[in-house]
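Observations on the three-dimensional arrangement
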Amino acid sequence: MKKLSFYSFVAILLGAMIFNACENSYEGPALEEGILPDELTVDIPVALSQDVTAKKSAAIDTLKGGEIYRHLTFFIHAGEHSARLVKHVIWGLRTYKIENVITLTYVSDDDGRVKNLVVVEGPEFEDQIWEWGLTITDAESEGNEDGGKAMQLFWNKRPNEGVTLIKPYNLDRTNENRMGDAMFRIDYSGAGELGYDRHMIVSIADMPVVDPLLAPFAMNGMKMFVGKKGDFVDLYGNSSHPNAKFLTEKVGYNWAFVAAGSETREIGVAEVGLPLSRVDSERRAVLLEEYSVYNVLFNEVKSVWPNASDELLNAWLANTEAPGYFGKDGFIQGGEAPGEEFLPLAERILRLSPYNPISIAHLKIVFN
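1. Description of the packing of helix 5 (residues 293-304) against helix 6 (residues 310-317)
It is the contact of helix 5 with helix 6, at a shortest axis distance of 10 Å, that shows an interaxial angle of 140 degrees. As summarised for this structure, helix 5 and helix 6 are arranged oblique, according to the angle between their axes. Where helix 5 crosses over helix 6, the two elements pack in a sense that is right-handed. Only Leu312, Leu313, Trp316 and Leu317 of helix 6 make contact with helix 5, whose side of the interface consists of Tyr294, Leu297, Phe298, Val301 and Lys302. In terms of residue class, the contact of helix 5 with helix 6 is built from eight nonpolar, no polar and one charged.

In structure tokens, the structure reads:
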């Protein structure tokens, strides 16, 4: 069977995730604001969010040191695109000039299907009363088990904060075979808590199951925190890859990471761990040190080739040293900083830690 490259697969996946809407499709002439929230996402510096599909095309069956860091920028990129989807949908909703409680029906520009939209005041979600709530359903699917729910949005205007839940299958049937069960969630706050001016948490669950022979490193879910403070953006999180394996028969890994970037300098620093998805720990020392890229790949090589030469080890372990450094064109190197401008970012990531891998492997997102 001919193998589909990692990069070809994720290009298809990203196309499904953004519903054939270009990255800036939500931008246009100023529209009346109404009651819809001003902002529900945080932009990520380009150095840490890159579409590797535009740069690579060769089939990949396993990964070496530098590729681990390069793939991280795609996983972050995928998470950011799910957040950009929220911008796209909210911009589209502004055309309806929603100013109060309302019920309306419209035909989606994405899939040409009828959608029902309901806005309510004072809804309860997760033990909190919100100022406003919005639900979109696919009209023909409202008798299904999921109620045809496509999107739910709960938000407050002052401070600007909200939670967005999206099921792509019901929002846009154009890619229904790829995203049938997938769910996205964006938690956002501009209230200034947690030491940041604003922050968001991106969660993705139940991504399509993919044949491991076609895409061994396919992602089935992720959770990522993004916090902005002045020019700095801090990130931490995990992506789950149930079929990922390197040289031995161990299978199922998390890309557990912490990162920091500068918007103006277009640089970033990240540290990655590769814990097995069944690991049950929140300790930074376990996730990023015990399961560091270097340790995992070293142990894999030595398990297969106990008497591996220094030449073979060096080939596998090049650029596995932590942290990894990134510029506007992507990954630069691991280990030693390319310049002093990276040092403040390297210091910032020391206080960050990923999520528990097992919780990401079993992550679920449900509507209210």
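2. Some thoughts on the pattern of salt bridges
Under the counting rule described, the total for this entry stands at 18 salt bridges. The shortest N-O distance in the salt bridge between lysine 87 and aspartate 43 comes to 3.3 Å. You can see lysine 87 sitting in helix 2 (residues 65-93) and its partner aspartate 43 sitting in the loop between helix 1 (6-17) and helix 2, a full 44 residues away along the chain. On the basis of relative accessible area, aspartate 43 is assigned to the partly exposed category, the value being 32%. Residue aspartate 146 pairs with lysine 167 through a salt bridge whose shortest N-O separation is 2.8 Å. Here the residue aspartate 146 occupies a position in the loop between strand 5 (132-138) and strand 6 (149-156), and lysine 167 occupies one in the loop between strand 7 (161-166) and helix 3 (168-171), the gap between them amounting to 21 residues. Accessibility expressed as a relative area gives 21% for aspartate 146, which makes it partly exposed. Through salt bridges with shared partners, a single network forms among Asp111, Arg113, Lys115, Asp138, Glu140 and Arg173.

3. Details of the pairing of strand 2 (residues 114-121)
The pairing of strand 1 (residues 102-107) with strand 2 spans six bridges and is classified as antiparallel. Its bridge partner lying in strand 2, threonine 105 is registered against asparagine 116. Between the antiparallel neighbours strand 1 and strand 2 lie six residues, among them glycine 112 with a positive phi of about 70 degrees. As defined by bridge partners, strand 2 adjoins strand 5 across seven bridges and the pair is classed as antiparallel. Residue pairing for strand 5: lysine 115 is matched across the bridge by aspartate 138.

4. Section: the packing of aromatic side chains
Taken as a whole and judged by the stated rule, the model has 14 aromatic pairs. Aromatic pair tyrosine 69 and phenylalanine 326: ring centres 6.3 Å apart, planes at 70 degrees, arrangement edge-to-face. Of the two residues, tyrosine 69 is situated in helix 2 and phenylalanine 326 in strand 14 (residues 324-327); the sequence distance between them amounts to 257 residues. Here tyrosine 69 and phenylalanine 326 have matching classes, each one buried. A centroid spacing of 5.3 Å and a plane angle of 10 degrees characterise the contact between tyrosine 69 and phenylalanine 331, whose relative ring orientation is stacked. Note that tyrosine 69 is positioned in helix 2 and phenylalanine 331 in strand 15 (residues 330-334), a separation of 262 residues in sequence. Among the aromatic side chains, those forming a connected cluster through ring pairs are Phe74, Phe75, Phe217, Phe246, Tyr253 and Trp255. Against the face of tyrosine 169 rests arginine 173, its NZ or CZ located 3.8 Å from the ring centre.

5. Quick look at the pairing of strand 7
With six of six residues buried, strand 7 is to be regarded as a mostly interior element. Connecting strand 6 to the antiparallel partner strand 7 that follows it, the hairpin turn spans four residues. In this sheet, strand 8 (residues 183-189) lies alongside strand 7 in antiparallel orientation, the contact comprising six bridges. Bridge pairing links isoleucine 166 to phenylalanine 184 in strand 8.

6. What about the nonpolar core?
Ranked by internal contacts, the top residues of the largest apolar core, which has 73 residues, are Leu134 and Leu235. When near neighbours in sequence (up to four residues on either side) are disregarded, leucine 235 contacts Ile44, Leu48, Ile76, Met224, Phe225, Val226, Phe257, Val258, Ala259 and Leu352. Tyr236, Tyr325, Tyr355 and Ile360 belong to the second largest nonpolar core, which has 16 residues in total.

Here is what the cut-offs are and how they apply
- Residues numbered from 1 in each chain as written.
- Predicted model: local features only at pLDDT ≥ 70, side-chain atom pairs only at ≥ 80, totals over all residues.
- Heavy atoms only, no water.
- Axes fitted to C-alpha atoms, helices over the stretch in contact; angles between N-to-C directions.
- Helix = DSSP H or I, 4+ residues; strand = E, 2+ residues; numbered from the N terminus.
- Parallel < 35°, antiparallel > 145°, perpendicular 65-115°, else oblique.
- Left-handed = near helix turned anticlockwise from the far one by under 90°.
- Contact = heavy atoms within 4.5 Å.
- Nonpolar A, V, L, I, M, F, W, Y, C, P; charged D, E, K, R; others polar.
- Salt bridge = Lys/Arg side-chain N within 4 Å of Asp/Glu carboxyl O.
- Buried < 20%, exposed > 50% of the residue type's maximum accessible area, 1.4 Å probe, protein only.
- Pairing = 2+ DSSP bridges.
- Phe/Tyr/Trp six-rings, centres within 6.5 Å; stacked < 30°, edge-to-face > 60°.
- Lys NZ or Arg CZ within 6 Å of the ring centre and 35° of its normal.
- Core = buried A, V, L, I, M, F, W, Y, C linked by side-chain atoms within 4.5 Å.

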